[in-house]
Structure formats: C-alpha cells, structure tokens
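Residues per chain, in single letters:
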Amino acid sequence: MEPVLESMRACDLRSGITIYPSQDRQLDQELADLVQDMPANFALLTDSSGQVIGFRGNRGKMDLVALGSLVAGDLAASQAIAQIIREHQDYQLVLRQGQSCNLFLAEAGRHLILLVQAPSEVPLGWSRMLVIETARHLDEILATPPDEDELYTPAIEPDGLQGLVGQALDDLWAN
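Keep in mind the model is a prediction, meaning the values are calculated, not measured.

1. A few points about the nonpolar core
Here comes step 1: Of all hydrophobic cores here, the largest spans 28 residues; its most connected members are Leu27, Met38, Leu112, Leu114 and Val116.
Here comes step 2: Those elements that place two or more of their residues in this core are helix 1 (21-37), strand 3 (42-47), strand 6 (101-108), strand 7 (112-119) and helix 3 (124-143).
Here comes step 3: Among the elements that take part in this core, helix 3 stands out by supplying six residues, more than any other.
Here comes step 4: Aside from chain neighbours lying at most four places away, what touches Leu112 is Ile17, Leu27, Leu45, Thr46, Asp47, Ile53, Ala106, Glu107, Leu138 and Leu142.
Here comes step 5: If you look at the next biggest cluster of nonpolar residues, it comprises 12 residues, including Phe42, Val52, Val71 and Leu115.

2. A short note on unusual backbone geometry
Apart from glycine, the bulk of residues carry a negative phi angle, and the bulk of peptide bonds sit in the trans form.
Here comes step 1: Cis peptide bonds are those with omega within 30 degrees of zero, and the linkage from Met38 to Pro39 qualifies with -20°.
Here comes step 2: If you trace the backbone, Pro39 turns up in the loop between helix 1 and strand 3.
Here comes step 3: Residue Arg86 is not a glycine yet carries a positive backbone phi of 60°.
Here comes step 4: You can see Arg86 is positioned in the loop between helix 2 (64-84) and strand 5 (93-97).
Here comes step 5: Exposure remark for Arg86: the relative accessible area of 72% places this residue in the exposed category.

Definitions and limits used
Residues numbered from 1 in each chain as written. Predicted model: local features only at pLDDT ≥ 70, side-chain atom pairs only at ≥ 80, totals over all residues. Heavy atoms only, no water. Core = buried A, V, L, I, M, F, W, Y, C linked by side-chain atoms within 4.5 Å. Buried < 20%, exposed > 50% of the residue type's maximum accessible area, 1.4 Å probe, protein only. Helix = DSSP H or I, 4+ residues; strand = E, 2+ residues; numbered from the N terminus. Contact = heavy atoms within 4.5 Å.

This is the structure we're talking about:
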C-alpha cells in the first residue's frame, strides 16, 4: 500500500491529529524497514480511532478498515485492563502467540497503534525489540514538526473551481 497522503497536502485524521507529507513518507519507511528487518508478514499502522495510516507486507484478502477498527478497540480494552490493575505504561505491547505466527499490538505514543504479524520462526525477543523500537520511532516522527513549506500549503488546489473564484476576487481587489 502506498503512503496515505497522495498529494502534497496535510491529512487530518478522525483522532484529531494531522500528518504532513514528510511525516507520512517517514512513517511508511519505518513500516517498510520493520517488515524487512524482522522479517514480518505485515505491519499495519492506525491512529487511535482505528483509521488506517499505512500498511506494508502481504495484505492477502484482509479488510484493512475492519482490522484497523478492531485493533483500536483491542488496544483500548487492553489499556483499560492495564489501568485497572495499575500496570499501564507507555508503549504498551500486547502479544498473541499462534502456531504459525505471532501478533504484536503496540502503542506508538498517544495517537498511533502498530500491529505486526511475524512468523513463529522469528524469535519473540527479536520481534518484541523491533516492534517497541519502531513504535518509539513512529511516535518521534509524529512529534517532529513538519517541513516549514508544508505548514503553509493551501488547502484549495489553485486550478480548482474554488481557486478560480478566489483568483477572480483577488483580481477585483487588485484593480
């Protein structure tokens, strides 16, 4: 899957965060690196509402929208359990071991969730370390201010109808 941002504009997500194109490229590269270095079957990145931000790896016939929603709900439930038993910490990690693969569900700061599926042959310690390291990098990327020119990119495409109307008004005021 390509990065979420197809244009040079920022993307406002349902969770209230904004991802800028430079950040989107970095997030996508982190997912690609994780899938390659682990190696993982796939890595899915969502915001805290479950909105899909990025995906790398073998998608198969997965419904990413449904998976993103379930991931957000699962992590929210795990966070609530951890708070009740007073064991909540930053970058919480949930592991589901299976016969052929393991699933890692990780907080990547306050706004992002990382789901990674790795073959069971990949050592758990190695997988855990890479998932937590990647989660921290993803959070750092989102916390880093975007490039200056991305902050002032107009929301309206200059060649669109609204841009033409705006230009006509500007021309009226200029004369």
